[in-house]
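Structural description and commentary
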Amino acid sequence: MSTILVNYDGSVQIISFNRPNKLNAISFQCYNEVTRALAEGAKNDSVFLTILTGIGKAYSSGTDLFDSNVIDIEDRLNATRNFVRAFIDYPKLLVALVNGPAIGIACTTLGLCDLVYATKTATFSCPFHRLGITAEGCSSITFPLIMGKTRANEFLYSGKTLNAIDAQKIGLVNEIINDGVSGRNELVKKITTEVALYKSPMVYTKSMMLNGVITKDELHKANDREIERLLERFNSDDFQNSIANYFKQKMLKNKL
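Residues numbered from 1 in each chain as written. Predicted model: local features only at pLDDT ≥ 70, side-chain atom pairs only at ≥ 80, totals over all residues. Heavy atoms only, no water.

Moving on: the overall build of the chain. Counting its regular elements, the chain contains 10 helices and 9 strands. Its C-alpha atoms give the chain a radius of gyration of 17 Å, near enough to 18 Å, the size a compact globule of 256 residues would have. Its C-alpha atoms put the chain at 50 × 40 × 40 Å along the principal axes. Counting across all 256 residues of the chain, residues that qualify as buried make up 48%. Of the contacts formed within the chain by residues at least 6 apart in sequence, a portion of 74% connects residues at least 24 apart. Within the structure as shown, the chain displays about 12,500 Å² of accessible surface, and the carbon and sulfur contribution to it stands at 53%. In the chain, 29 positive and 26 negative side-chain charges are present, and the distance between their average locations comes to 5 Å. (Helix = DSSP H or I, 4+ residues; strand = E, 2+ residues; numbered from the N terminus. Rg over C-alpha atoms; globule rule 2.2 N^0.38 Å. Buried < 20%, exposed > 50% of the residue type's maximum accessible area, 1.4 Å probe, protein only. Contact = heavy atoms within 4.5 Å. Areas by Shrake-Rupley, 256 points an atom, 1.4 Å probe, with all protein chains shown as cover. Lys, Arg positive; Asp, Glu negative; His and termini not counted. Charge placed at Lys NZ, Arg CZ, Asp CG, Glu CD.)

Spelled out as structure tokens, the structure:
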């Protein structure tokens, strides 16, 4: 696997987005590699918990819209659909360590994680409407449950960026930890000494909590609805115009 790193620390699987030169943007290949890594973690009896994080200064800047390895939009979105399905179906504990910007689907899928930790430099944003597209990662139903309807609406509609403290205030983040390797080691130690001691009860509790709030079937239906809408948007003139204008403004800003 070239777009991610997969390491093991006892019963903890660590999946790291590994495209630091592109702020860990998720390419077609990366979508598929994360999906496979989660499937392997689910089947591995020695793995109790998986941590998702990023190499370098970013967690992930979201979908790589300039990925030259995929031409067909439907192929790209099927990879996205399967990526989200892997989060929904993951039977063990899924923990995110957000170590920098989490943008787009990297942010929305945090709502499918069991625990979310963030470093002080972490930021969170979903600039979908600026690109002429719509939300995914089941955020259309998970974010209102996590943040409350009005806060979720504001966050998803505005595309504004939240820092770690603000993300914690609205319930997207559990705890803020130290930056760098020390923070990551601290989290792994915390998990292995406090959480991983009670493997079976944790997994059973996860299954009951999920069924008590929202079912997997509802999450899968939300994922399918979101992907269908994205397919429509990616094929629209509105998307082409929006993305051209967005990156034109971004380039002008970088020159200033």
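Now that the structure is up, let's keep going.
Residues in a regular strand project their side chains so that they alternate between the two faces of the sheet. Strand 4 (residues 93–98) sits mainly inside the fold: 6 of its 6 residues count as buried. Burial of strand 4 is two-sided: the residues L93, V95 and L97 facing one way and the residues L94, A96 and V98 facing the other way are all buried. Judged from the 4 bridges that link them, strand 3 (residues 49–54) and strand 4 form a sheet pairing that is parallel. Residue pairing across strands places L49 opposite L93, the latter belonging to strand 4. By the bridge criterion, 4 bridges tie strand 4 to strand 6 (residues 115–119) in an arrangement that is parallel. By the bridge assignment, V98 is partnered in strand 6 with A118. (Pairing = 2+ DSSP bridges.)

Moving on: the sheet that holds strand 5 (residues 101–103). Spatially, 3 strands are ordered 5-7-8 in an open sheet, and the strand pairing comes out mixed. The sheet is open, and its two borders are formed by strand 5 and strand 8 (162–163), each paired with just one other strand. One ladder, built from 2 bridges, connects strand 7 (residues 123–125) with strand 8; its direction is antiparallel. Bridging across to strand 8, T123 finds its partner in N163.

This next bit is on the sheet that holds strand 2 (residues 12–17). Spatial strand order, 1-2-3-4-6-9: 6 strands in an open sheet with mixed pairing. Looking at the sheet topology across the chains shown, the edges are occupied by strand 1 (4–9) and strand 9 (175–177). Across the sheet, the mean angle from the axis of one strand to that of its neighbour is 25 degrees, orientation sign disregarded. (Axes fitted to C-alpha atoms, helices over the stretch in contact; angles between N-to-C directions.)

Take a nonpolar patch on the surface next. A surface patch of nonpolar side chains, amounting to about 260 Å² of accessible area, comprises L145, I146 and V213. Secondary-structure assignment places L145 in helix 4 (residues 139–147). (Patch = residues over 30% accessible without salt bridge, like charges linked within 9 Å, V, L, I, M, F, W, Y side chains within 5 Å. Salt bridge = Lys/Arg side-chain N within 4 Å of Asp/Glu carboxyl O.)

With that settled, the discussion passes to helix 5 (residues 149–158). Of the residues making up helix 5, those classed as buried are A152, F155 and L156. The arc that holds the buried residues of helix 5, viewed along the axis, is 90 degrees, so those residues lie on one side. The exposed set on the far side of helix 5, more than 90 degrees from its buried face, consists of T150 and Y157. Those residues of helix 5 that are buried are in contact with helix 3 (105–108), strand 7, helix 4 and strand 8. Phi turns positive one or two residues past the end of helix 5, at G159, with a value near 75 degrees. (Arc of directions from axis to C-beta.)

It is worth spelling out unusual backbone geometry at this point. Even without a glycine there, the phi angle at L23 is positive, about 50 degrees. Assignment of secondary structure puts L23 in the loop between strand 2 and helix 1 (28–43). One non-glycine residue, C138, lies in the positive phi region at around 65 degrees. Of note, C138 is situated in the loop between strand 7 and helix 4. Judged by relative accessible area, C138 falls into the buried class, the value being 0%.

So, on to the nonpolar core. The biggest cluster of nonpolar side chains holds 60 residues, and the ones touching the most others in it are Y59, V98, F124, F143 and L172. No other element matches the 7 residues that helix 2 (residues 73–89) contributes to this core. In this structure, V98 is in contact with Y59, L110, V116, Y117, A118, T119, A122 and F124, ignoring residues within four places of it in sequence. Formed by 13 residues, the second largest nonpolar core is a distinct cluster that contains L49, L97, L187 and I191. (Core = buried A, V, L, I, M, F, W, Y, C linked by side-chain atoms within 4.5 Å.)

Turning next to the pattern of salt bridges. Oppositely charged side chains can pair when the atoms bearing their charge come close. This model, assessed by the stated rule, comprises 9 salt bridges. When the shortest N-O distance is used, the salt bridge between E154 and K160 registers 3.1 Å. K160 gets classed as partly exposed once you look at its relative accessible area, which sits at 33%. Here D217 makes a salt bridge to K221, at a shortest N to O gap of 3.3 Å. Residue D217 and its partner K221 are both found in helix 9 (residues 216–234); the two are separated by 4 residues, about one turn of the helix. The class of D217 is partly exposed, set by a relative accessible area of 45%. The structure contains a network of salt bridges with shared partners spanning R19, K22 and D64.

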